[in-house]
Amino acid sequence: MIAKPLSPGGLIGLCSPCHIADREKYAAMIAGLRSLGYRVKEAPNLYKKTYLYGASPLERAADLNALIADDEVELILFGGGEGANEVLPYLDFEAFRRHPRRVLAYSDATTILSALWARTGVETYYGQSPNRFTAVTEYDLKNFNAFIPANGEAHIPSEPWLTLTPGTGRGILIGGYSRNFALQLGTEYFPLDLSRSYILFIEDHEKFGRADYYSAMLTHIEQSALMPHVRGFLMGHYAIDRHPELYERVRRLGERWDIPAACCDDFGHGPCHAILRIGAPAELDTVKQTLRYLPEGTDMTEHCACR
């Protein structure tokens with residue numbers, strides 16, 4: 001299912017399930033969103049510090065549930081941090097299924113975005129958070145306009161990719177921040193239909209962990225029941241400097257599983273924040289360096305990877 005696009009002048013709901021929101025900083029973010037013509041609603045517990053690193057899980061979940069229940073809210077927008085998994089037991093997945101909303105976030109929010117899609121079938125959107133709108137870049141705004149007030153049909157690259165294993169693969173697009181995605185595999189909040197094929201996107205950044213840490217997260221994913229059903233892999237931005245050892249690691253992943261694999265700087269914790277549609281049928285072509293979205297209902301049960 002795809003929630004309706006954000007309309008001109010539509011209402012954006014802000015909550016903070018992963019961090020403590022700073023009023024002064026959020027004032028600049030809200031001003032940025034309003035400058036684009038949108039209205040903004042702040043959830044009641046947005047600025048609470050009940051647990052010192054955030055509001056309580058019940059308070060954070062209550063905010064998200066309230067925005068889901070508000071018929072006027074068209075986009076729910078929030079940032080990363082820590083502790084997103086704490087709110088999962090309190091989310092009203094059935095309400096989200098009945099009243100789908102566009103939900104946009106990234107980083108630690110991987111946990112919530114993935115759970116909302118996996119438990120309801122409603123697409124969610126990975127790549128941007130409120131702080132991106134304090135001084136939004138041309139590339140970020142281009143992505144926002146292509147995927148939130150519209151149904152973007154193709155990924156928007158920031159520059160040419162690094163192709164590590166050439167080929168084409170089709171599957172349901174899933175992924176996010178490496179640690180959150182790896183930790184969520186096999187849990188009740190991320191049920192996957194293993195009769196289907198998947199395209200996997202994963203990002204991390206050197207400020208959070210060295211290349212060996214990233215490699216360990218990839219190893220955990222490779223040892224899961226998901227990996228035999230992955231038909232393509234796209235790595236996001238890791239650092240400004242090149243890391244040949246990490247590219248070699250991704251190349252080995254692509255060769256081991258005989259799938260197309262590439263690295264890019266389009267999404268993640270770098271300067272560019274492309275938006276990716278979690279739950280959408282997609283085709284990854286690492287020769288043409290494209291990720292395009294396929295019509296709903298496209299068969300995702302075949303192994304389409306080829307070299």
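Residues numbered from 1 in each chain as written. Predicted model: local features only at pLDDT ≥ 70, side-chain atom pairs only at ≥ 80, totals over all residues. Heavy atoms only, no water.

So, on to the pattern of salt bridges. Opposite charge on two side chains permits pairing when their charged atoms draw close. Under the defined criterion, the tally for this structure stands at 19 salt bridges. The closest approach of N and O atoms between glutamate 255 and arginine 251, which form a salt bridge, is 2.5 Å. Highlighted residues: glutamate 255 and arginine 251, both in helix H8 (residues 244-257), separated by 4 residues, approximately one helical turn. Judged by relative accessible area, glutamate 255 falls into the partly exposed class, the value being 39%. Here arginine 292 and glutamate 283 are joined by a salt bridge, their closest N and O atoms 3.0 Å apart. Residue arginine 292 is classed as partly exposed on the basis of its relative accessible area of 35%. (Salt bridge = Lys/Arg side-chain N within 4 Å of Asp/Glu carboxyl O. Helix = DSSP H or I, 4+ residues; strand = E, 2+ residues; numbered from the N terminus. Buried < 20%, exposed > 50% of the residue type's maximum accessible area, 1.4 Å probe, protein only.)

In this section: the sheet that holds strand S5 (residues 124-126). Reading across from one edge, S2-S1-S3-S4-S5-S11 is the order of the 6 strands in this open sheet, with mixed pairing throughout. Looking along the sheet, the strands with just one partner apiece sit at the ends: strand S2 (39-42) and strand S11 (276-278). Looking at each pair of strands side by side, their axes are set apart by 30 degrees on average, direction ignored. Note: strand S1 (residues 11-14) against S2, 4 bridges, orientation parallel. Residue pairing for S2: glycine 13 is matched across the bridge by lysine 41. Helix H2 (residues 57-69) rests against S1, S2 and strand S3 (73-77) of the sheet, and its axis sits at about 155 degrees to S3. Across the sheet, helix H4 (residues 110-120) lies against strand S4 (102-105), S5 and S11, angled at about 155 degrees from S5, the strand it touches most. (Pairing = 2+ DSSP bridges. Axes fitted to C-alpha atoms, helices over the stretch in contact; angles between N-to-C directions. Contact = heavy atoms within 4.5 Å.)

Let's shift gears to the nonpolar core. Ranked by internal contacts, the top residues of the largest apolar core, which has 103 residues, are Ile76, Phe78, Ile112, Phe144, Phe181, Phe233 and Met235. Ranked by residue count, the leading element in this core is H4, at 6 residues. Residues in contact with isoleucine 76, not counting those within four places in the same chain, are Gly13, Cys15, Leu64, Leu67, Ile68, Arg101, Arg102, Val103 and Leu104. (Core = buried A, V, L, I, M, F, W, Y, C linked by side-chain atoms within 4.5 Å.)

With the rule as written, the count across this model stands at 13 aromatic pairs. Between the aromatic rings of phenylalanine 181 and phenylalanine 190, the centroid separation amounts to 5.6 Å while the plane-to-plane angle is 75 degrees, which identifies the pairing as edge-to-face. Among the residues examined, phenylalanine 190 registers a relative accessible area of 3% and is labelled buried. Considering the side-chain rings of phenylalanine 201 and phenylalanine 267, the 5.6 Å spacing of their centres and the 90 degrees angle between planes classify their relative orientation as edge-to-face. (Phe/Tyr/Trp six-rings, centres within 6.5 Å; stacked < 30°, edge-to-face > 60°.)

When its volume is computed, the largest pocket comes out at roughly 300 Å³. Taken together, 19 residues line the largest pocket, and the ones lying closest to its centre are Gly79, Gly80, Gly81, Ser107 and His269. Secondary structure elements with two or more residues in the lining of the largest pocket: helix H1 (23-35) and helix H6 (178-184). Looking at the lining of the largest pocket, its residues break down into 6 nonpolar, 9 polar and 4 charged. The computed volume of the second largest pocket comes to approximately 230 Å³. If you trace the second largest pocket, you find 16 residues lining it, with Trp117, Gly121, Ile172, Arg196 and Gly279 closest to the centre. Of the residues belonging to the lining of the second largest pocket, the class tally is 8 nonpolar, 4 polar and 4 charged. (1 Å grid on protein atoms, 1.4 Å probe; cavity = no way out; pocket = protein on both sides within 12 Å on 5 of 7 lines; lining within 4 Å. Points joined across faces, edges and corners; volume = space filled by probe spheres on them. Nonpolar A, V, L, I, M, F, W, Y, C, P; charged D, E, K, R; others polar.)

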